[in-house]
Amino acid sequence: MTKALIVIDVQNDFCPGGALAVSEGDEILPRVNTLMTEFDTVVLTQDWHPADHSSFASQHEGGAPFTQVHMEYGLQTLWPDHCVQGSKGAEFHPDLAVDRAQLIIRKGFRRGVDSYSAFFENDHKTPTGLAGYLRDRGVEDLTFVGLATDFCVAWSALDAAKLGFRATVIEGACRAIDLDGSLQEAHSEMRSAGVKLEA
Ligand code: VGL
Ligand code: ZN
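To start, this report covers the structure provided alongside it. (Residues numbered from 1 in each chain as written. Chains lettered and ligands numbered in written order. Predicted model: local features only at pLDDT ≥ 70, side-chain atom pairs only at ≥ 80, totals over all residues. Heavy atoms only, no water.)

Another aspect to go through is the overall build of the protein. A tally of regular secondary structure across the protein gives four helices and eight strands. Reading the secondary structure of the protein in the N-to-C direction produces β-α-β-β-β-β-α-β-α-β-α-β. Relative to its length of 199 residues, the protein is compact, with a C-alpha radius of gyration of 16 Å against a globular reference of 16 Å. Residues counted as buried form 52% of the 199 residues belonging to the protein. The long-range fraction of contacts in the protein, counting pairs at least 24 apart against all pairs at least 6 apart in sequence, stands at 73%. A total accessible area of about 8,900 Å² is found for the protein, and carbon and sulfur atoms account for 49% of it. Once the 16 positive and 29 negative side-chain charges of the protein are each reduced to a mean point, those two points are 7 Å apart. (Helix = DSSP H or I, 4+ residues; strand = E, 2+ residues; numbered from the N terminus. Rg over C-alpha atoms; globule rule 2.2 N^0.38 Å. Buried < 20%, exposed > 50% of the residue type's maximum accessible area, 1.4 Å probe, protein only. Contact = heavy atoms within 4.5 Å. Areas by Shrake-Rupley, 256 points an atom, 1.4 Å probe, with all protein chains shown as cover. Lys, Arg positive; Asp, Glu negative; His and termini not counted. Charge placed at Lys NZ, Arg CZ, Asp CG, Glu CD.)

Between any two of four tetrahedral donors, the ideal angle at the metal is 109.5 degrees; between two of six octahedral donors, it is 90 or 180 degrees. Bound to the zinc ion (ligand 2) on the protein side are Asp47 (OD), His49 (NE2) and His82 (NE2), at distances that span 2.0 to 2.2 Å. Around the zinc ion (ligand 2), the four donor atoms sit at angles spanning 87 to 168°, and that spread fits a shape best called irregular. Mapping the donors of the zinc ion (ligand 2) onto the primary sequence gives the spacing D-x1-H-x32-H. Residue His49 is found in the loop between strand S2 (41-47) and strand S3 (68-71), and its partner His82 is found in the loop between strand S4 (74-77) and strand S5 (103-107); the two are separated by 33 residues along the sequence. Neither His49 nor His82 differs from the other in exposure class; each is buried. (Donors = N, O, S within 2.8 Å, 3.2 Å for Na, K, Ca; no water. Tetrahedral: all angles 85-135°; square planar, octahedral: opposite > 155°, others 65-115°.)

Further remarks concern the environment of Thr37. Relative to the elements of secondary structure, Thr37 occurs in helix H1 (residues 29-37). Considered as a pair, Thr37 and Ala97 are 60 residues apart in the sequence and their alpha carbons are 9.2 Å apart.

We now examine the pairing of strand S6 (residues 141-147). Burial runs high along S6: six of the seven residues are buried. Here six bridges tie strand S1 (residues 3-8) to S6, and the two strands are oriented parallel to one another. Pairing of Ala4 across the sheet is with Leu142, part of S6. (Pairing = 2+ DSSP bridges.)

Further remarks concern unusual backbone geometry. A cis amide bond links Leu147 with the next residue in sequence, Ala148, at an omega value of -15°. Assignment of secondary structure puts Ala148 in the loop between S6 and helix H3 (149-162). Non-glycine residue Asp9 carries a positive phi angle of around 50°. Look at Asp9 and you get buried, because its relative accessible area is 0%.

As structure tokens, then:
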């Protein structure tokens, strides 16, 4: 058993009607659910912020969603309040076949640092523990699907490649936020890092 499916942030707040809705985010569900039956190892990630999380524009005086601020660890995009711990918006989409998953990695739970990647917080240093889990289980080959292509999916796939895993993103089972060219940038970064992009 050497491959795993990593399902990124298929949560209510990233689907239409949610606080940080990704256009057509819910359309990936049938494909994601089918893929989940094709992998022995399935991991979900869940964006999981305290109500006063520092990535929320509401926590910055005069801060507007979708602008950037300098944090100690680098540039950080400000977002509308989303995926607050225990809220409806933080729950997985009700149609996601969550029973297939063996591990749920929650991320972004520290007030002062965001966490897009399933492997490291946005300081690029603090591990989530996922790499150790996968290595302990002999997993070498990772396939990524979910939301959003240009943020949490891309950052996860890039870290996976850096950590020495084989990484594939199935774009048809992802949707993007596409903020100021972020999707194009994510594509070129993933290509140069050796992440395989499939339709
Ligand atoms: C995400 C922005 C903020 C994502 C999470 O899942 O791509 N994007 N938090
Ligand atoms: Zn978030």
